[in-house]
Amino acid sequence: MVDRAQLLSELATQREKLESHVRALTADELDRACTASEDPGGADWTPRDHLAHLLRIEKAFLGMARLTLAGDERPIKISGATFEERLASVHRDNEAHVRKLADLSVDQLLQEHSAARADTLAFIASISDDDLTTPIPGAPWGDGTIAGVLHANSGHERQHLAWVDEGLAARA
């Protein structure tokens, strides 16, 4: 498990890298389709859509951690009885979320993401080391603990930035 200092440092550093990466994209690149939506009825995603998705996941993971510490035995609120149904639900929800935020500027999205990351960092600072090792029931991210799930945000962001870069290069 990642320790508190590593977790705080990596999340802060990755947030800076995310912003730097996004700000390095041109206006044309930010609105250029770069990856297919994983929702069968969804539109191709742009870098701006990926940023909106990352904002959603930041807030969702923090929400799961908070619910876990509040005693919720089912803090992951994904519908569906089977893995396939849950995955389809996630893809539909992701698509709906990025469409809901489609009118926000990149500056607004980055500001929202910065605030969400600050909330995550403040939460981590406010809980005990034992709390960080608490498993989030059903969490498949990281090692499944609060620290592991929150730490997964860094890798998730790096993966999406790689997909953006690959997609933009392939569609140039």
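Each remark here, short or long, concerns the structure printed above.
These figures come from a predicted structure and were not determined experimentally. (Residues numbered from 1 in each chain as written. Predicted model: local features only at pLDDT ≥ 70, side-chain atom pairs only at ≥ 80, totals over all residues. Heavy atoms only, no water.)

### Focus: empty space enclosed by the protein
To find leftover empty space, a probe the size of one water molecule is rolled over the atoms.
In step 1: What the rule picks out here adds up to 1 cavity of 30 Å³ or more.
In step 2: Those elements giving two or more residues to the lining of the largest cavity turn out to be α1 (4-23), α3 (47-69) and α7 (146-170).
In step 3: With 4 residues, the single largest contributor to the lining of the largest cavity is α3.
In step 4: Residue composition of the lining of the largest cavity, by class: 8 nonpolar, 2 polar and no charged. (1 Å grid on protein atoms, 1.4 Å probe; cavity = no way out; pocket = protein on both sides within 12 Å on 5 of 7 lines; lining within 4 Å. Points joined across faces, edges and corners; volume = space filled by probe spheres on them. Helix = DSSP H or I, 4+ residues; strand = E, 2+ residues; numbered from the N terminus. Nonpolar A, V, L, I, M, F, W, Y, C, P; charged D, E, K, R; others polar.)

### Section: the layout of surface pockets
In step 1: Estimated volume of the largest pocket: approximately 960 Å³.
In step 2: As for the largest pocket, its lining consists of 35 residues, of which I57, I78, V90, N94 and W141 are closest to the centre.
In step 3: Elements supplying a minimum of two residues to the lining of the largest pocket: α3, α4 (83-100) and α7.
In step 4: Per-element tally for the lining of the largest pocket: the top contributor is α4, with 10 residues.
In step 5: The residue makeup of the lining of the largest pocket, split by class, is 15 nonpolar, 11 polar and 9 charged.

### Points about α1
In step 1: Relative to the 28 Å expected for 20 residues at 1.5 Å per residue, α1 spans 29 Å between its end C-alpha atoms, a close match to the ideal helical length.
In step 2: Of the positions making up α1, those classed as buried are L7, L11, Q14, R15, L18 and V22. End-on view of α1: buried residues confined to an arc of 110 degrees, all on one side of the axis. Exposed side of α1, more than 90 degrees from the buried face: A5, E16 and K17 are the residues found there. (Expected span 1.5 Å × (residues − 1). Buried < 20%, exposed > 50% of the residue type's maximum accessible area, 1.4 Å probe, protein only. Arc of directions from axis to C-beta.)

### Section: the pattern of salt bridges
In step 1: Inspection of every chain in the model, using the stated rule, returns 15 salt bridges.
In step 2: In this structure, R158 engages E10 in a salt bridge whose closest nitrogen and oxygen atoms are separated by 3.1 Å. On the criterion of sequence distance, the pair formed by R158 in helix α7 and E10 in helix α1 is long-range, its members being 148 residues apart. (Salt bridge = Lys/Arg side-chain N within 4 Å of Asp/Glu carboxyl O.)

### Examining the packing of α3 against α7
In step 1: One way to put it is that α3 packs onto α7 with a least axis distance of 10 Å and a crossing angle of 170 degrees. One way to sum up the angle between α3 and α7 is to call them roughly antiparallel. Residues P47, H50, H53, L54, I57, E58, F61, L62, A65, T68 and L69 of α3 form the contact with α7, whose own contacting residues are I146, V149, L150, A152, N153, H156, E157, H160, V164 and L168.
In step 2: The class makeup of the residues in the contact of α3 with α7 is 13 nonpolar, 6 polar and 2 charged. (Axes fitted to C-alpha atoms, helices over the stretch in contact; angles between N-to-C directions. Parallel < 35°, antiparallel > 145°, perpendicular 65-115°, else oblique. Contact = heavy atoms within 4.5 Å.)

### Observations regarding the environment of R117
In step 1: Structurally, R117 can be placed in helix α5 (residues 106-126).
In step 2: In this structure, the C-alpha to C-alpha distance between R117 and A27, residues 90 residues apart in sequence, is 24 Å.
In step 3: Leaving out residues up to four positions away in the same chain, R117 has contacts with L11, Q14, R15, E58, N153 and E157.
In step 4: At 2.3 Å, the side chain of R117 forms a polar contact with the side chain of E157. (Polar contact = N/O pair within 3.5 Å; in protein donor to acceptor, adjacent residues only side chain to side chain.)

### Observations regarding the packing of aromatic side chains
In step 1: Scanning all chains against the criterion turns up 1 aromatic pair.
In step 2: Arranged with centres 4.8 Å apart and planes meeting at 45 degrees, the rings of F61 and W141 form a pair that is tilted. Taken together, the residues F61 in helix α3 and W141 in the loop between α6 (129-132) and α7 connect sequence positions 80 residues apart. (Phe/Tyr/Trp six-rings, centres within 6.5 Å; stacked < 30°, edge-to-face > 60°.)

### A closer look at the nonpolar core
In step 1: Ranked by internal contacts, the top residues of the largest apolar core, which has 20 residues, are L7, F61, F123, L132, I136 and I146.
In step 2: Those elements giving two or more residues to this core turn out to be α1, α3, α5 and α7.
In step 3: With residues near it in sequence (within four places) discarded, I146 still touches A65, T68, L69, F123, I127, D131, L132, T134 and I136.
In step 4: If you look at the next biggest cluster of nonpolar residues, it comprises 19 residues, including L25, L55, L109 and L168. (Core = buried A, V, L, I, M, F, W, Y, C linked by side-chain atoms within 4.5 Å.)

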